[in-house]
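# Observations on the model geometry
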Amino acid sequence: MTTEPIREDLAAIPRYVPGKALPQALKLSSNEVPYGPLPGVAEAIADAAANAHRYPDMGVTRLRDELAARLGVGAERIATGTGSVALIGHLLQAVASPGSEVVYSWRSFEAYPIAATVAGMKSVQVPNTADHRHDVEAMIAAVGPDTRALIVCSPNNPTGPSVTAAELDRIFAAVPESVLVVIDEAYREFVNDPSLPDGVERYGDRPNAVVFRTFSKAWGLAGLRIGYMVARADVADAVRRCVIPFAVNGPGQAAALAALEAEDEMRRRAALVTSERKRVVMAARDLVPEVPQTQANFFWLPLGERAVEFAAHCEERGILVRPFAGDGVRVTIGLPEENDALLEALRDWR
Ligand SMILES: Cc1ncc(COP(=O)(O)O)c(C=O)c1O
């Protein structure tokens, strides 16, 4: 059977697997926060709905200005898109050329191989260390003449650990400036180890630094699809050229602005998550001692060949987690009673 005119390489792309959702089930599969939208967000969306017949501000001006002021960078250095997942794809489209490569750790965020292939780039996957961290020296060694970007996922989805300042310093020192160092900080707001670097603060002035953030996680706007990146002005401009016109819609822009107004509440909620994280990871380690440390709103159960079986066991109990066959299970930190149900399921299973 011929599939012409479809590109052959697309057939090899692993499909993005969304965290499962079933009515009534406890959803610990998508790294969302469990508290609902931040105060003021639903009202801002409702107000914006009155303009649903108009195209949104294509430049996302107010939101970019607000982010720029908060981050201490010029708005021309910010690009927005329909989730950071879309922007990662646009960045790779902006740097791709025949034979070009992108280096990233593996296992990491499942969208990277998809974005790379769609952009026409070759993925160079560098296995994580035995403790589920990026192998920074091996990543540096994997950079070659065709490398256009190296992605650091910190904290790493789905395993949890962050990349340290010393490690990132080392990467910036070792790779040529022609290689973009992409720091994906989707879970930055849950990082509570003060020694860990803030990508924008520490590396924002490097010409080859690109930092991705999202409103989907701690800011509670996963359903509205808004992410942003901070980079050198010409890199941000190149990415904006690749973004679909009017990508971030009006209610999304309004909601993101309202969410920023509620930053104190976001921080309060993130602290609830991180205190639960500490409790849950300690309890999980009693049963699975190899659970790595995590700075995100999820943790990793390295169950190897039993990953799918554990996810099925959880599903029988009405709990949805995210298995990666043959490797492990990612579990989102939820409300205390939800986490207790998960721990109970783990105890029953072992
Ligand atoms: C590491 C990482 N980066 C980016 C994203 C994308 O988030 P969004 O497209 O919702 O902004 C995710 C979502 O799961 C993620 O885990």
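Quick caveat: nothing in here was measured; it's all calculated off a predicted structure. (Residues numbered from 1 in each chain as written. Predicted model: local features only at pLDDT ≥ 70, side-chain atom pairs only at ≥ 80, totals over all residues. Heavy atoms only, no water.)

## Looking at the layout of surface pockets
Counted as a void, the largest pocket has a volume near 430 Å³. Taken together, 26 residues form the lining of the largest pocket, with Tyr-16, Ser-30, Phe-109, Tyr-187 and Lys-217 sitting closest to its centre. Looking at which domains feed residues into the lining of the largest pocket, each of domain 1 (8-37 + 264-349) and domain 2 (41-261) supplies at least three. (1 Å grid on protein atoms, 1.4 Å probe; cavity = no way out; pocket = protein on both sides within 12 Å on 5 of 7 lines; lining within 4 Å. Points joined across faces, edges and corners; volume = space filled by probe spheres on them. Domains from an automatic or database assignment.)

## Overview of empty space enclosed by the protein
Applying the stated criterion to the full structure yields 1 cavity of 30 Å³ or more. Approximately 40 Å³ is the volume found for the largest cavity. Every residue lining the largest cavity is listed: Ser-154, Ser-162, Val-163, Leu-168, Glu-185, Arg-188, Val-191, Leu-196 and Pro-197. Classifying every residue of the lining of the largest cavity by side-chain character gives 5 nonpolar, 2 polar and 2 charged. (Nonpolar A, V, L, I, M, F, W, Y, C, P; charged D, E, K, R; others polar.)

## Focus on the domain arrangement of the protein chain
Interface size, as often reported, equals the accessible area lost upon joining of the parts. Its domain assignment divides the protein chain into domain 1 (8-37 + 264-349) and domain 2 (41-261). Taken together, the contact pairs 31 residues of domain 1 with 31 residues of domain 2. Around 2,600 Å² of area is buried between domain 1 and domain 2 when both sides are counted, 62% of it from carbon and sulfur atoms. By the criterion of area lost to domain 2, the three top residues of domain 1 are Tyr-16, Met-266 and Gln-295, representing 25% of everything that side buries. Inspection of the domain 1/domain 2 interface yields 2 salt bridges. Note that Glu-110 and Arg-322 form a salt bridge whose closest N and O atoms lie 2.9 Å from each other. Between domain 1 and domain 2 we count 11 residue pairs in polar contact (both at pLDDT 80 or more) in total. Every element with two or more residues in the side of domain 1 that touches domain 2 is listed here: helix 10 (263-287), strand 9 (298-301) and strand 11 (322-324). Top element by residues in the side of domain 1 that touches domain 2 is helix 10. It accounts for 6 residues. (Contact = heavy atoms within 4.5 Å. Buried area = accessible area lost by both parts, 1.4 Å probe. Salt bridge = Lys/Arg side-chain N within 4 Å of Asp/Glu carboxyl O. Polar contact = N/O pair within 3.5 Å; in protein donor to acceptor, adjacent residues only side chain to side chain. Helix = DSSP H or I, 4+ residues; strand = E, 2+ residues; numbered from the N terminus.)

## Description of the pattern of salt bridges
Counted by the stated rule, this structure contains 24 salt bridges. One salt bridge connects Glu-185 with Arg-213, and the closest N-O pair in it is separated by 2.8 Å. With Glu-185 in the loop between strand 6 (180-184) and helix 7 (199-203) and Arg-213 in strand 7 (residues 209-214), this residue pair connects regions lying 28 residues apart in the sequence. Classification of Glu-185 by relative accessible area gives buried; the value is 4%. In this structure, Asp-340 engages Arg-279 in a salt bridge whose closest nitrogen and oxygen atoms are separated by 2.9 Å. Of this pair, Asp-340 sits in helix 12 (residues 336-349) while Arg-279 is found in helix 10, placing the two residues 61 residues apart along the sequence. By relative accessible area, which is 33% here, Arg-279 ends up partly exposed. (Buried < 20%, exposed > 50% of the residue type's maximum accessible area, 1.4 Å probe, protein only.)

## Concerning the environment of Gly-40
Within the fold, Gly-40 resides in the loop between strand 1 (26-27) and helix 1 (41-49). What makes Gly-40 partly exposed here is its relative accessible area of 33%. With 15 residues separating them along the chain, Gly-40 and Ala-25 place their C-alpha atoms 27 Å apart.

## Description of the site of the ligand
What surrounds the ligand is a group of 13 residues, the closest being Asn-157, Asp-184, Tyr-187, Thr-214 and Ser-216. Take Asp-184: an N or O atom from its side chain is 2.6 Å from a nitrogen atom of the ligand. Within the side chain of Arg-225, a nitrogen or oxygen atom sits 2.7 Å from an oxygen atom of the ligand. Look at the ligand: alone it shows 390 Å² of surface, and the protein chains cover 95% of it. Across the shell around the ligand, the residue classes break down as 5 nonpolar, 5 polar and 3 charged. (Near = heavy atom within 4 Å. Areas by Shrake-Rupley, 256 points an atom, 1.4 Å probe, with all protein chains shown as cover.)

## Remarks on the sheet that holds strand 7
Two modes of strand pairing occur in sheets, parallel and antiparallel, and in both the strands are linked by backbone hydrogen bonds. Strand order in the open sheet formed by 7 strands is 2-8-7-6-5-3-4, with mixed pairing between adjacent strands. Two strands lie at the open edges of the sheet, namely strand 2 (78-81) and strand 4 (122-127), each paired on one side alone. Taking the axes of each pair of neighbouring strands and ignoring which way they run, one obtains an average angle of 20° across the sheet. As defined by bridge partners, strand 7 adjoins strand 8 (residues 227-230) across 4 bridges and the pair is classed as antiparallel. Bridge assignment links Val-211 to a residue of strand 8, and that residue is Val-230. Seen against the sheet, helix 2 (residues 61-71) touches strand 2, strand 7 and strand 8 and runs at an angle of roughly 130° to strand 2. In this fold helix 3 (residues 84-95) packs onto strand 2, strand 3 (101-106), strand 5 (147-153), strand 6, strand 7 and strand 8, with an angle of close to 155° to the strand it touches most, strand 7. (Pairing = 2+ DSSP bridges. Axes fitted to C-alpha atoms, helices over the stretch in contact; angles between N-to-C directions.)

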